[in-house]
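In case you want the letters, here they are:
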Amino acid sequence: MSGLQPVRGTRDIFGDESRRHRHVENLARDIAERYGYSEIATPVFEFTEVFARSLGETSDIVSKEMYTFEDRGGARLTLRPENTAGVVRAFISNGLTQQLPAKLFYSGPMFRYERPQKGRQRQFHQVGVELLGAAEPLADVEVIALGADLLSALGLEERVVLELNSLGDAESRQTYRSVLVEYLQSRRNELSPDSLLRLERNPLRILDSKDKDDQAVVANAPLITDSLNAASRGFLEEVLKGLEVLGIAYRHNPRLVRGLDYYCHTAFEFTTDALGAQNAVLAGGRYDGLAEQLGGPSTPGIGWAAGVERLAMLVSDVPPLPRPVAVAPVSDEQTPAALAISQQLRRAGLAVDLGYAGKFAKRMKRANKINARVTVIVGEDELARDVVTVRDMDTGEQKEVALSSLTDDVARFY
RNA sequence: GCGGGAGUAGCUCAGUUGGUUAGAGCACCUGGUUGUGGUCCAGGGGGUCGUGGGUUCAAAUCCCAUCUCUCGCCCCA
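Residues take numbers from 1 onward in each chain, read along the sequence in its written order. Working convention: letters from A go to chains and numbers from 1 go to ligands, in the order in which they are written. Local features in this predicted model are restricted to residues of pLDDT 70 or higher, and side-chain atom pairs are both shown and tallied only at a pLDDT of 80 or more, whereas totals for entire chains, interfaces and linings draw on every residue. Based on all heavy atoms of the structure, the side-chain values leave hydrogens and waters out of the count.

Peer 1: How should I be thinking about the packing of aromatic side chains in this particular structure?
Peer 2: Remark: the centre distance and the inter-plane angle together describe each pair of aromatic rings, the angle taken between the planes. Note on ring pairs: Phe, Tyr and Trp rings are taken, using the six-membered ring of Trp, and paired if centres are within 6.5 Å. Classes follow the plane angle, with under 30 degrees stacked, over 60 edge-to-face and the rest tilted. In this structure the tally under the stated criterion is three aromatic pairs. Aromatic side chains Tyr67 and Tyr113 sit 5.8 Å apart centroid to centroid with 75° between the ring planes, which places their arrangement in the edge-to-face category. Placement of the pair is Tyr67 in strand β3 (residues 67-70) and Tyr113 in the loop between β5 (102-111) and β6 (123-132), with a sequence separation of 46 residues. For Tyr113, a relative accessible area of 46% translates into the label partly exposed. Taking 6.5 Å as the distance between ring centres and 85° as the angle between the ring planes, the aromatic pair formed by Phe268 and Phe270 counts as edge-to-face. Assigned by exposure class, Phe268 and Phe270 land together as buried. The helix count covers DSSP runs of H or I at least four residues long, the strand count covers runs of E at least two residues long, and both are numbered beginning at the N terminus. Buried means the residue's accessible area, taken with a 1.4 Å probe over protein chains only, is under 20% of the maximum for its type, while exposed means over 50%, and partly exposed covers the values in between.

Peer 1: How should I be thinking about the pairing of strand β14 (residues 374-378) in this particular structure?
Peer 2: Residues in a regular strand project their side chains so that they alternate between the two faces of the sheet. Across the five residues that make up β14, a large majority, five, are buried. Side chains of β14 alternate between two faces, with Val374, Val376 and Val378 and Thr375 and Ile377 buried alike. The sheet contact formed by strand β12 (residues 325-329) and β14 spans five bridges and is parallel. The partner of Val327 across the bridge, within β14, is Val376. A pair of strands is treated as paired once DSSP finds two or more bridges between them. Relative to strand β15 (residues 387-392), β14 runs antiparallel, the two sharing four bridges.

Peer 1: Is there a simple way to think about helix α6 (residues 170-186) in this case?
Peer 2: Residues that lie three or four places apart on an α-helix share one face, since the helix turns once every 3.6 residues. Helix span, as expected, comes to 1.5 Å for every residue beyond the first. Between its terminal C-alpha atoms α6 stretches 24 Å, which fits the 24 Å expected from 17 residues at 1.5 Å a residue. The complete set of buried residues in α6 reads Ser172, Tyr176, Leu180, Tyr183 and Leu184. For α6, the arc enclosing every buried residue in end-on projection is 95°, short of the 170-degree limit, so these residues lie on one face. Projecting away from the buried face of α6 at angles above 90 degrees are the exposed residues Ala170, Glu171, Gln174, Glu182 and Ser186. Tucked into the core, α6 has its buried residues touching α7 (193-201), α8 (212-219) and α9 (230-246). Our arc is simply the arc of the directions from the helix axis toward the C-beta atoms. Throughout, a contact is declared for two residues whenever any of their heavy atoms are within 4.5 Å.

Peer 1: Would you mind showing me how to read the protein's contact with RNA strand B here?
Peer 2: In the region of RNA strand B, 50 residues are neighbours, and Arg112, Arg115, Arg198, Arg205 and Asp381 sit closest. One of the side-chain N or O atoms of Arg112 is found 2.5 Å from a sugar or linking oxygen in RNA strand B. N or O atoms closer than or at 3.5 Å make up a polar contact, with two conditions inside protein: a donor-capable atom paired with an acceptor-capable one, and, for residues adjacent in sequence, both atoms drawn from side chains. Within the side chain of Glu382, one N or O atom sits 2.8 Å away from a base nitrogen of RNA strand B. Of all elements in the fold, only α3 (60-65), β6, α7, β10 (280-286), β11 (301-307), α13 (360-369) and α14 (380-384) reach the threshold of two or more residues within the surface near RNA strand B. Each residue is assigned to one of three groups, with Ala, Val, Leu, Ile, Met, Phe, Trp, Tyr, Cys and Pro labelled nonpolar, Asp, Glu, Lys and Arg labelled charged, and all others, Gly among them, labelled polar. Each residue belonging to the surface near RNA strand B can be placed in one class, and the counts come to 14 nonpolar, 14 polar and 22 charged. Here a residue is near a molecule or strand as soon as one of its heavy atoms is found within 4 Å of it.

Peer 1: Help me understand the pattern of salt bridges in this model?
Peer 2: Oppositely charged side chains can form a pair if their charged atoms are brought close together. The salt bridge definition used is simple: a Lys or Arg side-chain nitrogen within 4 Å of an Asp or Glu carboxyl oxygen. On inspection of all chains with the given rule, the structure shows 24 salt bridges. As a salt-bridge pair, Lys64 and Asp60 come within 3.2 Å of each other at their nearest N and O atoms. Of this pair, Lys64 and Asp60 are both found in helix α3, four residues apart, which corresponds to roughly one turn of the helix. Assessed through its relative accessible area of 38%, Asp60 is described here as partly exposed. Through salt bridges with shared partners, a single ionic network connects Arg323, Arg373, Asp392 and Asp394.

Peer 1: Sorry if this is basic, but what is going on with a nonpolar patch on the surface here?
Peer 2: On the surface, a cluster of nonpolar side chains totalling about 230 Å² of accessible area is made up of Val44, Phe45 and Phe69. Mapping Phe45 onto the fold places it in strand β2 (residues 45-47). A patch consists of residues whose relative accessible area exceeds 30% and which take part in no salt bridge; residues with like charges are grouped when within 9 Å of each other, and nonpolar side chains (Val, Leu, Ile, Met, Phe, Trp, Tyr) when within 5 Å. Exposure was quantified through the Shrake-Rupley algorithm and a 1.4 Å probe, taking into account, for residues, occlusion by the shown protein chains and nothing else.

Peer 1: Mind showing me how you'd approach the nonpolar core here?
Peer 2: Within soluble globular proteins, side chains that are nonpolar generally end up buried alongside one another. Core analysis: the biggest nonpolar cluster contains 90 residues, and Tyr37, Leu150, Phe268, Phe270, Val281, Leu282 and Trp304 have the highest contact counts within it. Broken down by element, the residue count for this core peaks at nine residues, all from helix α5 (residues 137-153). Look past the residues within four positions of Phe270 in its chain and what remains in contact with it is Ile144, Ala148, Leu151, Val160, Val161, Leu162, Asn279, Ala280, Val281 and Leu282. Among the nonpolar cores identified, the runner-up in size contains 16 residues, and Ile341, Leu350, Val374 and Val401 belong to it. Throughout, nonpolar core names a set of buried Ala, Val, Leu, Ile, Met, Phe, Trp, Tyr and Cys residues whose side chains join them through atoms within 4.5 Å.

Peer 1: What am I meant to see in empty space enclosed by the protein here?
Peer 2: Empty space among the atoms becomes visible once a probe the size of a water molecule is rolled across them. In this analysis, the protein atoms alone were mapped onto a 1 Å grid. Cavities are point sets where a 1.4 Å probe fits without being able to get out; pockets are open sets with protein on both sides within 12 Å along at least five of seven lines; lining residues have an atom within 4 Å of a point. Grid points are joined across faces, edges and corners, and a volume is the space filled by probe spheres set on the points. Taken as a whole and assessed by the stated rule, the structure comprises one cavity of 30 Å³ or more. Those elements that place two or more of their residues in the lining of the largest cavity are β12, β13 (352-354) and α13. Grouping the constituent residues of the lining of the largest cavity by class yields six nonpolar, one polar and three charged.

Peer 1: Mind showing me how you'd approach the sheet that holds strand β4 (residues 76-79) here?
Peer 2: Hydrogen bonding along the main chain pairs the strands of a sheet, whether they run parallel or antiparallel. Strand order in this open sheet of three strands is β2-β4-β3, and the pairing throughout is antiparallel. Across the chains shown, the open sheet's two edge strands, defined by having one partner strand only, are β2 and β3. Strand after strand, the sheet turns through a mean of 30° between neighbouring axes, direction not considered. Bridging between β3 and β4 involves four bridges; their strand directions are antiparallel. Within the sheet, the bridge partner assigned to Glu70 lies in β4 and is Arg76. Axis lines are fitted to C-alpha atoms, over the contacting stretch for helices. Their N-to-C directions set the angle, which ranges from 0 to 180 degrees.

Peer 1: Before we go on, may I ask you to explain the confidence of the model for chain A in this structure?
Peer 2: Where the model shows low pLDDT, its predicted coordinates should not be examined in detail. Per-residue confidence from the prediction method is given by pLDDT, with values spanning 0 to 100. Summarising the model, chain A shows a mean pLDDT of 92, and 99% of its residues fall at 70 or more. Mean pLDDT across the elements of chain A ranges from a minimum in α7, with 83, to a maximum in strand β1 (residues 38-39), with 98.

Peer 1: Is there a simple way to explain the sheet that holds strand β8 (residues 251-252) in this structure?
Peer 2: Read across the open sheet, the eight strands follow the order β1-β5-β6-β11-β10-β9-β7-β8; overall the sheet is mixed. Because the sheet does not close on itself, it has two edges, and the strands there are β1 and β8. Across six bridges, the pairing between strand β9 (residues 264-271) and β10 is antiparallel. Bridge pairing links Ala267 to Gly285 in β10. Helix-sheet contacts for helix α1 (residues 15-34) involve β1, β5 and β6, and the interaxial angle to β5 is about 165°.

Rendered as structure tokens:
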């Protein structure tokens, strides 16, 4: 353990862990493309304003979790704590509002100043999608289906549960908020200190409190479902119908709320019980008011984000590394020939590892260690006859192959 | 931000009445002669015992602080 440590809550990702991350990321990108999404990369920092306006000043993220700093020119900047605000900002900045719907996929690091835990770093990674300009419930269904596809492609369908709720439109939420606050006020002496604070700032959050006393109060609280107006109710029903058509199992949880201000109508999260307190792996919802709030044209939107670290931890079968071809010159005199042969095989699309130095036995050991499928042995005797020896590392069988047909011969092992 | 647990070689861990050059397994390196790996045998490198103070003749071992990880709260992906 050296004294040189990475910053708290950050980590170096390499080796097996890196492959797991890439697996999650690549799968997400591929599936998103199948749904017609194209990738967008927004800057890792934005004007603080972008997040403050979209997430809500009272949200925990804005009020205490952002990495905010002033640059040398005096601009107030923030490392993105999530990417929906950035993508919507980019959508407005680049005039994408002219071609709707816009379907965008992203992948990259996010930053939140939180107490680190397993599945919760200060720099972490998310993949996500945003669908802008579609107000129809069908859009919600498609976005959720995309998420579900990703999870099942990762082999996680048995390990996650989809919970879903509707927060309704602005009117419904207003109605519910007052009904809920009235109820909670009547029982305020039973609430936890945390929830008393939430009662002032963000009463809906009390619904998913883990405090025992709070839960007892919440158990009898009015449900948002009962406050939904006809339009909102109809919207929810359409979404649920779509999920049923696709055979996507869900649990309607009327107490599911979201921490960020911009959500409306559909809110959902895929959760797991395999990660302790960090149970959400992929979550999102509809945010029809966000674009306008950021100063753009009123544009409906829906999307989700998934935690790459969390998914990577859950995935059990990561595709194995491709087995390379080892090229082993018998002695240093054969190195130039071996180098040329290596390049030839690489240009044919094979993964090749050339043994640089050491005695022949050592190069064979290396070939074994890197799990080579075959070893091309480049020896003096063979070269004199324009052949090399190809050894099958699984069976130990080997045969001489003409240099002219080497590529085809080696390719047959794959 | 609050409360609990942990921190000894690259990895998994031993190491208590505080006392000689701090150990094991795995991994790594070299060798077992002349062009052949996975097994085996022999040898070897590698740790300021998270860091900084303190107590002591003497500290991995006791005390304080601090950093990091971890579990829960909070929050969230």
